Amino acid sequence: MNKVLTRRMLARHLGALRRQGKRIVFTNGCFDLIHPGHVRYLRAAKRLGDVLVAGLNSDASVRRLKGPTRPLVSQRARCEVMAALEMVDYVTVFGEDTPYALIKELQPDVLVKGGDWKAEQIVGADIVRSRGGSVRSLRFAPGYSTTQLLETIRRKANVQHRASTARHRKA
């Protein structure tokens, strides 16, 4: 079964699942470098329903949101990694800066974001609540973020570069 679907295909499929009584959970993000914080967050999101859908920002959307050096991992590769996670049932890509139109199309029962979002600030909350659904902000796993990982990589690369330069000067 292919877990990466277009919006239209996914909307049809979710409609069928909803008619079977399945509770659809939706989350979204860049998911540029998957780390333990993502895994813990996605597991917690999955526990809120029967089917977990991950909306991934397209490469162009990530660049607009995060800057010209992002994403580090291509859209196609990010889809592949997300689809490989056992708790993620479906993955789809959206090109807008927010998932509002996608949420409107998919009509999830539960909308989930990470702890840096207050429930009332979560994009699409109005759509989900208008149908009687719920909106949740899940706690972050402390110490994990792609931005922190990138900073650690930069710091270690700088230390390594200085050490290499010092060795060459001595030689």
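Residues numbered from 1 in each chain as written. Predicted model: local features only at pLDDT ≥ 70, side-chain atom pairs only at ≥ 80, totals over all residues. Heavy atoms only, no water.

(A) Representation of unusual backbone geometry in the model. For the bond from Arg70 to Pro71, the omega torsion is 0 degrees, close enough to zero to count as cis. Located in the positive-phi region is Phe31, a residue other than glycine, with phi close to 45 degrees. With a phi close to 55 degrees, Gln107 is a non-glycine residue in the positive phi region. Note that Gln107 resides in the loop between helix 5 (100-106) and strand 4 (110-114). For Gln107, a relative accessible area of 21% gives the class partly exposed. (Helix = DSSP H or I, 4+ residues; strand = E, 2+ residues; numbered from the N terminus. Buried < 20%, exposed > 50% of the residue type's maximum accessible area, 1.4 Å probe, protein only.)

(B) Looking closely at the side chain of Ser61. Here Ser61 shows up in helix 3 (residues 59-66). Under the relative-accessibility criterion, Ser61 is labelled buried at 0%. With residues up to four places along the chain from it excluded, the contact list for Ser61 reads Phe94, Gly95, Glu96 and Asp97. (Contact = heavy atoms within 4.5 Å.)

(C) Representation of the side chain of Asp32. Among the secondary structure elements, Asp32 is positioned in the loop between strand 1 (24-29) and helix 2 (36-46). For Asp32, a relative accessible area of 4% gives the class buried. In this structure the side chain of Asp32 is engaged in a polar contact, spanning 2.9 Å, whose partner is the backbone nitrogen of Val73. In contact with Asp32, other than residues within four places in its own chain, are Arg70, Pro71, Leu72, Val73, Arg78 and Thr146. (Polar contact = N/O pair within 3.5 Å; in protein donor to acceptor, adjacent residues only side chain to side chain.)

(D) Fine view of the pattern of salt bridges. Considering all chains together, one arrives at 10 salt bridges under this definition. With its nearest N and O atoms 3.3 Å apart, the salt bridge here joins Glu105 to Arg7. One end of the pair, Glu105, is in helix 5; the other, Arg7, is in helix 1 (residues 7-19), and 98 residues separate them in sequence. With a closest N to O distance of 2.7 Å, Asp32 and Arg70 form a salt bridge. Within this pair, whereas Asp32 is found in the loop between strand 1 and helix 2, its partner Arg70 is found in the loop between helix 3 and helix 4 (75-84), the two being separated by 38 residues in sequence. Accessibility assignment for this pair places Asp32 and Arg70 in one class, buried. Counted as one network, the salt bridges with shared partners bring together Arg7, Glu96 and Glu105. (Salt bridge = Lys/Arg side-chain N within 4 Å of Asp/Glu carboxyl O.)

(E) Representation of the layout of surface pockets. Volume-wise, the largest pocket comes out at about 700 Å³. Lining the largest pocket are 31 residues, and of these Gly29, Cys30, Lys66, Lys113 and Asp116 sit closest to its centre. Secondary-structure elements contributing two or more residues to the lining of the largest pocket are strand 1, helix 2, helix 3, strand 4 and helix 7 (146-170). (1 Å grid on protein atoms, 1.4 Å probe; cavity = no way out; pocket = protein on both sides within 12 Å on 5 of 7 lines; lining within 4 Å. Points joined across faces, edges and corners; volume = space filled by probe spheres on them.)

(F) Broad picture of the environment of Ser134. For Ser134, the position within the fold is in strand 5 (residues 134-138). Separated by 25 residues in sequence, Ser134 and Asp109 have C-alpha atoms that sit 6.5 Å apart. When sequence neighbours within four positions are dropped, the list of residues in contact with Ser134 reads Arg23, Asp109, Val110, Leu111 and Val128. In terms of polar contacts, Ser134 uses its side chain to reach the side chain of Arg23, at 3.5 Å.

(G) Examining the nonpolar core more closely. In terms of nonpolar packing, the biggest core is built from 21 residues, with Leu42, Met82, Val88 and Val112 touching the most fellow members. For this core, the secondary structure elements donating two or more residues are helix 2, strand 2 (51-57), helix 4 and strand 4. Excluding anything up to four places from it in sequence, Val88 contacts Lys3, Leu42, Leu52, Ala54 and Met82. Counting 19 residues, the second-largest nonpolar core is a separate cluster that includes Val53, Leu111, Ile122 and Ala125. (Core = buried A, V, L, I, M, F, W, Y, C linked by side-chain atoms within 4.5 Å.)

(H) Summary view of the pairing of strand 4. Most of strand 4 is tucked away, with five of its five residues classed as buried. Neither face of strand 4 is left uncovered, since the one carrying Val110, Val112 and Gly114 and the one carrying Leu111 and Lys113 both have all their residues buried. Bridge analysis of strand 4 against strand 5 gives five bridges, and the strand direction is parallel. Following the sheet pairing, Val112 is matched in strand 5 by Arg136. A crossover links strand 4 with its parallel partner strand 5, the connecting element being helix 6 (residues 125-130), and its sense is right-handed. (Pairing = 2+ DSSP bridges. Right-handed = clockwise from strand over helix to strand, strands pointing away.)

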